[in-house]
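Residue-level structural notes
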Amino acid sequence: EEFCRVHHGFMFEKIGGFFSLLVERGLIGWAIFLIIFVMLFAFVFPAWIQSTLILSIHQKFTHPDRRFSLRQKIIEGFDYFFRLFEFHVVLAPFQIMTIVIFGVTWYRLSHGDTFSNVVLPLIIGYGIFALLVNLFFAYAPYYMVCEGEEWGTAMKKSIGLVFLNFGTTLGLVLLMFLVNIRVVVNVLVVLGVPLGILVAASYFTTSSWFGFAVSVAVAIGLVLMILAAYLTAMLEVFSIGFWERAFTTLRQEQRQLESPESLE
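Residues numbered from 1 in each chain as written. Predicted model: local features only at pLDDT ≥ 70, side-chain atom pairs only at ≥ 80, totals over all residues. Heavy atoms only, no water.

Moving on, we come to the environment of Ile 240. Note on placement: Ile 240 falls in helix H10 (residues 210–257). In the structure, Ile 240 is positioned 98 residues away from Tyr 142 in sequence and 9.5 Å away in space, judged by C-alpha atoms. (Helix = DSSP H or I, 4+ residues; strand = E, 2+ residues; numbered from the N terminus.)

This is the structure in structure tokens:
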């Protein structure tokens, strides 16, 4: 609607039509369940999963001979859930998606010279500040899980550790950024295969092979979607392990630099 691509009220019409369809089919209950399920995975479970992964990887590296149980780590991970959840809530205003949505909203309300000359520079400046905030709080989750600190104390100690190793931490952030970009490109390529088949098949809608091509594209799309999910899961595990090793190494170096009085 904003860019005159669809008529005014198009989105609300679609939402209303979809809601009417759910009511007619008696699917309101399932829709509410699905929304709650998605919200749990988007906002609640990540903190629990993160603590479980940190505990698991920390034990694998520090005590490789000790018996490992993922189920036990899941139970132990819940002990750190509320600390990590509060930490993620505090950092929510500094996440990239928050800034993008905020910028798009302001563009919707005041695009033109006001947006270009006033709002956009403020958003860019705030984005740079948010990057610094995320950089200095990079080790806070590992203080919470590996050393049992509360989220406030963990954030303060993370600032000190990053300040002591600013160049190293910045290099680690850039390295992980490149890894994430590579995985995103791979996922886009993977998902582009079935889309390419569908686009190619659309030129032969009258052919007897059209239905077969659509079926093949859907089947390949499902398989590749599972593969893409697996790649992103591997990236998550690798990222946690990467930062856990960095945290453990830098903490050991920091302890060696601490004065004997502070160690006592």
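Once that is clear, we can look at the layout of surface pockets. Space inside the largest pocket adds up to approximately 1,900 Å³. Elements with a contribution of two residues or more to the lining of the largest pocket: helix H2 (28–62), helix H4 (81–91), helix H5 (96–110), helix H6 (113–136), helix H7 (140–146), helix H9 (166–202) and H10. Taken as a whole, the second largest pocket spans an internal volume of roughly 160 Å³. Every residue lining the second largest pocket is listed: Thr 232 and Glu 236. (1 Å grid on protein atoms, 1.4 Å probe; cavity = no way out; pocket = protein on both sides within 12 Å on 5 of 7 lines; lining within 4 Å. Points joined across faces, edges and corners; volume = space filled by probe spheres on them.)

Let's shift gears to the pattern of salt bridges. Scanning all chains against the criterion turns up 6 salt bridges. Lys 73 is paired through a salt bridge with Glu 76; the nearest N and O atoms lie 3.4 Å apart. You can see Lys 73 and its partner Glu 76 sitting in helix H3 (residues 70–77), 3 residues apart, about one turn around the helix. Judged by relative accessible area, Glu 76 falls into the partly exposed class, the value being 25%. Its salt-bridge partner being Glu 150, residue Arg 83 comes within 3.8 Å of it at the nearest N-O pair. Note that Arg 83 is positioned in helix H4 and Glu 150 in the loop between H7 and helix H8 (151–164), a separation of 67 residues in sequence. The partly exposed category is assigned to Glu 150, whose relative accessible area is 45%. Put simply, Glu 147, Arg 251 and Arg 255 are held in one network by salt bridges that share partners. (Salt bridge = Lys/Arg side-chain N within 4 Å of Asp/Glu carboxyl O. Buried < 20%, exposed > 50% of the residue type's maximum accessible area, 1.4 Å probe, protein only.)

Function cannot be read off these values alone, since they describe shape.
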